[in-house]
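# Remarks on the overall topology
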Amino acid sequence: MKEIVLFQLILLGIAGASVINRGVVGTDITASFNVSSIDVLKGVLSMQEHKKTFDIIKTLYTWNDAVVYCKERHGNLASIRSEEEHDQIVKMMNYTGLSSIMYIGGTSARSGRGYYWISDGESLTYQNWSPGQPSGNQECIVYEKLTSGWKWNNLFCNTVRPFACEYYPVSNFLE
Ligand SMILES: [Ca+2]
């Protein structure tokens with residue numbers, strides 16, 4: 001059976017969030033949102049094998065603090081392990097109007113064996129590096145927006161940036 005990608009976006013505004021815009025963006029993104037206070041974008045990716053949810057948090061955190069933020073919510077800093085997951089998060093980044101750079105959960109910190117995902121220590125399988133990356137001794141992976149699209153770069157971890165968390169909904173375990 002062909003993989004089905006259902007893409008549902010719900011945007012959570014801050015206080016007093018009245019929905020002032022609602023509509024369909026493209027062919028597979030439906031969203032309702034408060035245009036004046038976009039902070040968190042929820043997306044649900046449903047595939048044959050698993051369901052995985054990403055949140056994009058536009059509040060700026062260091063990479064380490066972003067790991068903690070996601071963990072405190074019983075998630076992880078996002079891992080991107082397939083073209084489908086890449087495509088989904090690109091749609092979300094574009095939809096949020098994210099302009100340049102966002103942390104994901106890949107790092108080489110304390111590794112000695114190259115890059116891995118902080119959620120489970122697995123090495124990168126799917127990869128989407130910008131040309132010439134990874135470079136130098138920078139240890140944390142970001143998405144950066146190039147004219148050719150969103151690609152990965154390794155940058156220093158202590159700069160505050162937007163980031164994405166991932167969650168596996170409880171319904172995964174009840175089905
Ligand atoms: Ca780099």
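Residues numbered from 1 in each chain as written. Predicted model: local features only at pLDDT ≥ 70, side-chain atom pairs only at ≥ 80, totals over all residues.

In this section: the confidence of the model for the protein chain. Per-chain confidence: the protein chain averages 76 in pLDDT, with 67% of residues scoring 70 or above. Across residues 1-38, confidence stays below pLDDT 50; counting only partners more than four residues off in sequence or on other chains, it has 57 contacts. (pLDDT = per-residue confidence, 0-100. Contact = placed C-beta atoms within 7 Å.)

Because an α-helix completes one turn every 3.6 residues, residues spaced three or four positions apart along the sequence face the same direction. If you check helix H2 (residues 83-96), its first and last C-alpha atoms are 20 Å apart, about what 14 residues at 1.5 Å a residue would give, namely 20 Å. Residues of H2 that are buried: Gln-88, Ile-89, Lys-91, Met-92, Met-93, Tyr-95 and Thr-96. One or two steps after H2, the chain reaches Gly-97, where phi turns positive at roughly 75°. (Helix = DSSP H or I, 4+ residues; strand = E, 2+ residues; numbered from the N terminus. Expected span 1.5 Å × (residues − 1). Buried ≥ 20, exposed ≤ 12 C-beta atoms within 10 Å, placed from the backbone.)

This brings us to the pairing of strand S9 (residues 140-146). Examined bridge by bridge, strand S7 (residues 101-107) and S9 share 4 bridges and lie antiparallel to one another. Looking at S9, one finds that Thr-107 is bridged to Cys-140. Pairing geometry for S9 and strand S10 (residues 149-155), over 7 bridges, is antiparallel. Looking at the pairing, Lys-145 lines up with Trp-150 of S10. Counting the residues in the hairpin turn of S9 and S10 gives 2 residues. (Pairing = 2+ DSSP bridges.)

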